[in-house]
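Examination of the molecular architecture
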Amino acid sequence: MLLRAFAARLEAGAAAALVGANGAGKTTLLRAVAGLIRPAAGVVAFAGAAGPIEPDEARRFGCHLMGHQDGLKSGRAAREELDFQVRWSGGTAAAGLAAAARLGLVRQLDLPVRALSAGQRRRLALARLLACPRSLWLLDEPLAPLDAASRALMGEVMAEHLAGGGLILAAVHDPLPIPARDIVIGTP
Amino acid sequence: MSAVLVLARRELSLAWGRGGGALLAVGFLVAASVMLPLSLGPAPAGLARVAGGVTWVVLALASLLSLERLFERDFEDGALDILALGPLPLEAVAAIKCAAHWAVVGAPLALAAPVAAIALGTPPAAGPMIAAAAALGGLAFAFLGGAGAALALASRRGGLLIAVIVLPLLTPPVIFGGAAIDDFQAHLPWATPMALLAAYALAAAALAPFAMAGACRNALG
């Protein structure tokens, strides 16, 4: 068991940084919130302005998980993968292209994914979050492969998401580029 | 509905490229059918007698070739997370993946199977019946093979596991399909084995998605 006696609450418009040593359970917690891991005990509850939301519905339509694997197929064109990820999550192709433009990926769209750098892949994965608005962003090491300019852009994007009433829960080792409350896990 | 189309388009394109796709499966079928007369001896009467059964065994093995990686890539690169958090339940995702595999690999195999059977000595009049039976059998192969692929996720010797789990499940369609060809050759009514084959394929398509979704959830958690 990784996490014991753990409780945290995240409000709309707020960001929280999950901090802890390697192996402390940050990814596990994110995946449990996303519903991919069923906790042995305890609950993850979601609530909207109108009251509690059914967890399955909240996860399917209200939550984005960006793991440290980006789910992009290396053999396919970046444009195809962007199009699939955006439309699968409920966005439109046009919104996907706009997000890619915002993230500075227009010239890379016709390349196969394997030709993209780690930072470009991460930004391509992020385009899905911009193109289909969902309240809760679960981010696993979102900054790791990004350069300074991309980190600043990421901060801008996150700040906008929060300003629109969104929530961010991010597992990080470096500080997030936005004001965020630290949730430390893994301390006895 | 649009989510179904979006996923189906992706899966068709992935199935085309997965492990050589249709080309490899059809190539395997042709190569195996060419090698058989070499090992069994070229006497036409003997070949014609085993043609139906042999075609079905080769068909089953050819369908399994690229199925092993049906879920594995998505599991390894994180795409399965995105699929699991999408608008469709995992059961539907799994069914669409298998259906796409069937369309890309099973349909060309269904067209190639009569050619192989006729080349081995089945009367040409049996061609359309063999194609229809192979299409039905391919449906069973795709869904059962997909269930094996999902169960083998997160285990290291996946290929071996699939062979052990899936091959016994593929025996009934092989029996029914071979029997349909034999009955046709013997001028007996072949509707019964065909009906059994169809029932088995539809049952596989109806039940396997639940097994696949459960196995995927288990592998993700």
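Note that the structure is predicted; figures quoted are calculated from it, not measured.

**Considering the overall build of chain B**
- What chain B contains, in helices and strands, is nine helices and zero strands.
- Across chain B, helices and strands are ordered from the amino to the carboxyl terminus as α-α-α-α-α-α-α-α-α.
- In summary, chain B has a C-alpha radius of gyration of 18 Å against a globular reference of 17 Å for 221 residues, a match within 12%.
- Taken along its principal axes, the extent of the C-alpha atoms in chain B is 55 × 30 × 30 Å.
- In chain B, which comprises 221 residues, the share counted as buried stands at 49%.
- Considering only contacts within chain B whose residues lie at least 6 apart along the sequence, 82% involve residues at least 24 apart.

**Describing the environment of His187(B)**
All names here are of chain B.
- Mapped onto the elements, His187 comes out in the loop between α8 (158-185) and α9 (191-220).
- Given 7 C-beta atoms within 10 Å, His187 falls into the exposed group.
- Spatially, the C-alpha atom of His187 lies 41 Å from that of Arg69, the residues being 118 residues apart in sequence.

**Looking at unusual backbone geometry**
- Residue Glu141(A) is not a glycine yet carries a positive backbone phi of 50°.
- By secondary structure assignment, the location of Glu141(A) is in the loop between β5 (136-140) and α6 (148-163).
- The residue His187(B) is not glycine, and still its phi comes out positive at about 60°.

**Observations concerning the environment of Gly166(A)**
Residue and element names in this part refer to chain A.
- Structurally, Gly166 is set in the loop between α6 and β6 (167-171).
- For Gly166, a count of 20 C-beta atoms within 10 Å translates into the label buried.
- Placed 102 residues apart in sequence, Gly166 and His64 show a C-alpha to C-alpha distance of 11 Å.
- Apart from the residues within four sequence positions on either side, Gly166 is in contact with Ser135, Trp137 and His161.

**Looking at the pairing of strand β4 (residues 63-66) of chain A**
All names here are of chain A.
- What you see with β4 is no split at all: Cys63 and Leu65 on one side and His64 and Met66 on the other are buried throughout.
- Where β4 lies against β5, four bridges are found, and the strand directions are parallel. Each bridged residue has a counterpart across the sheet, and for Leu65 the counterpart in β5 is Leu138.

**Looking at the interface of chain A and chain B**
- Opposite the 21 residues of chain A that make contact, chain B presents 16 residues.
- Sorting the residues of the side of chain A that touches chain B by element identifies α2 (55-62), β4 and α3 (78-88) of chain A as the ones contributing at least two each.
- With four residues, α3(A) is the largest single contributor of residues to the side of chain A that touches chain B.
- Looking at the side of chain A that touches chain B residue by residue, the class counts come to eight nonpolar, seven polar and six charged.

Conventions used here
Residues numbered from 1 in each chain as written. Chains lettered and ligands numbered in written order. Predicted model: local features only at pLDDT ≥ 70, side-chain atom pairs only at ≥ 80, totals over all residues. Helix = DSSP H or I, 4+ residues; strand = E, 2+ residues; numbered from the N terminus. Rg over C-alpha atoms; globule rule 2.2 N^0.38 Å. Buried ≥ 20, exposed ≤ 12 C-beta atoms within 10 Å, placed from the backbone. Contact = placed C-beta atoms within 7 Å. Pairing = 2+ DSSP bridges. Nonpolar A, V, L, I, M, F, W, Y, C, P; charged D, E, K, R; others polar.

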